[in-house]
Amino acid sequence: MADPGRLPCSRFSHGRPVTVFRRGALPLVLLQSVACAGDQSSTGEHPSTTWITEAEHQFGDAPERGVFFSRPYVRSDPTRNRVFVLDAVNSQVSAWTDRGSLLFAVGRRGEGPGEFGFPQDMFIDADGSFAVLDNSGVRFTYYAANGQLIETESGMNNAVSYQGLGLAVTFPLDGTYLGVVRANADLEAGIDGLPPFVRQPLLSVRRSGTGQWEIPRPVLWLDVSNRIRVLKHPDGNPSYGSQPFGDADQFRLERGAAVVMRLKEAPGAVELVEVSGEGDTVWHRRLSFEPRRLTSGMVEQEIEEAVDILAPDAPQGMSRPVLRDALSESLYRPQYLPAAEGPPVLTASGEVWLKTYEVSDTLRTHYVVRRGESDEVPRRLLLPEWFRVRDATATHVWGVWWDAMDRPHVVGRRLVPLNEG
């Protein structure tokens, strides 16, 4: 699922994640982390090829045609050299050539056919047709390749639940949906005397041809401990954010499949598991990177940057020293950094992109593995710190750049082997 609905709310400052806290019950909804010396992989036994990128494509919104970017989510259609931009804030999906020429735009705020409440993800089919997921799977809207509306279909309703909790689901395949429960942050944190919510089921739910919903069944359990950060305020009300050094399981869902990234196995280890809507494991891969210790300097930097962000809006009685102490108390401190940061990115090229904590100057290291491959050596990608990966093709990686005016731009960078760059 796309980023607009995810729980972790982090902003990057000087290359480090800084948690932004929100007060109240924040819903957990579906969606949608270098060393430059030499060309040796940190994956252990085998050297991996190192790639860099070159700036090539960049475009912003098109106000003359009523297209605006606020929180763009980018998906690529490489067969037709198209790029789609989904913007939840503006309830709009726009299609562009890879050079930034607007082809068409669909959607607006509303509940009618072709209108969106809160679009969060999109799926592009092999024939160029596409679908938009709205409001955690409450509705799905289908379009032809040219943007012509085909139909709007109802998805998950409030009558479907798992242990009393509603669901958020992704695109169906043959009547089967994958999703997770819609718990709130109070529940996950264990507020009001309840035990913390540390195991989250990945659920499969089937809809029969007559439209009847079956009982959701778990196909995999996610370890979500150390995911949420609770900041205690002087008035007793908590606020929530993500743990910047958290090692909770991360996942991405797409039509008919889920890819789960597990980080707790061992220092530097990443385990990738892909399951189908029926609960079958269709791919499993373990990777081992160089373990990196969490230093006191990293902790202090995280706390100080969070204080700078939160202090101007801190509640009465929460001075900077009090805020600093509260942030320090709320921080999860593993001995080693997680091997990867943030959810994995599933790309149009059939790959999984993993963002690591390896940083050199202004470059961040990502590792790329092909889905379905069990022993292929990962590619090592060096990307600018400011670049947020959203999708990739065989030749380009697509993402978002925020300029000095805090305005987003869609960026496509060409992939180049390091010895050619």
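Let us look at the structure shown here. Computed from a predicted structure; not experimentally measured.

Basis of the calculations
Residues numbered from 1 in each chain as written. Predicted model: local features only at pLDDT ≥ 70, side-chain atom pairs only at ≥ 80, totals over all residues. Heavy atoms only, no water. Pairing = 2+ DSSP bridges. Helix = DSSP H or I, 4+ residues; strand = E, 2+ residues; numbered from the N terminus. Axes fitted to C-alpha atoms, helices over the stretch in contact; angles between N-to-C directions.

## Comments concerning the sheet that holds strand 10 (residues 130–134)
Within a sheet, adjacent strands bond to each other through the backbone by hydrogen bonds, running parallel or antiparallel.
And step 1. Taking strand neighbours across the sheet as the criterion, the 4 strands line up as 9-10-11-12 in an open arrangement whose pairing is antiparallel. Unpaired on one side and paired on the other, strand 9 (119–124) and strand 12 (149–154) mark the two borders of the sheet. Each neighbouring strand pair of the sheet contributes to a mean axis angle of 20°, computed without reference to strand direction.
And step 2. The pairing of strand 11 (residues 139–143) with strand 12 spans 5 bridges and is classified as antiparallel. Residue pairing across strands places Tyr142 opposite Glu151, the latter belonging to strand 12.

## So, the sheet that holds strand 26 (residues 363–370)
And step 1. With mixed pairing, the 8 strands of this open sheet are ordered in space as 24-25-26-27-4-30-29-28. Of all the strands in the sheet, the pair left with one neighbour each is strand 24 (345–346) and strand 28 (388–392).
And step 2. As paired strands, strand 28 and strand 29 (residues 396–402) are joined by 4 bridges and run antiparallel to one another. Counterpart to Val389 in the pairing with strand 29 is Gly399.

## Let's talk about the pairing of strand 23 (residues 281–288)
Two faces make up the sheet, and in a regular strand the side chains alternate between them.
And step 1. Where strand 22 (residues 269–276) and strand 23 come together, 7 bridges link them in antiparallel fashion. Considered in strand 23, the bridge of Glu271 is made with Arg286.

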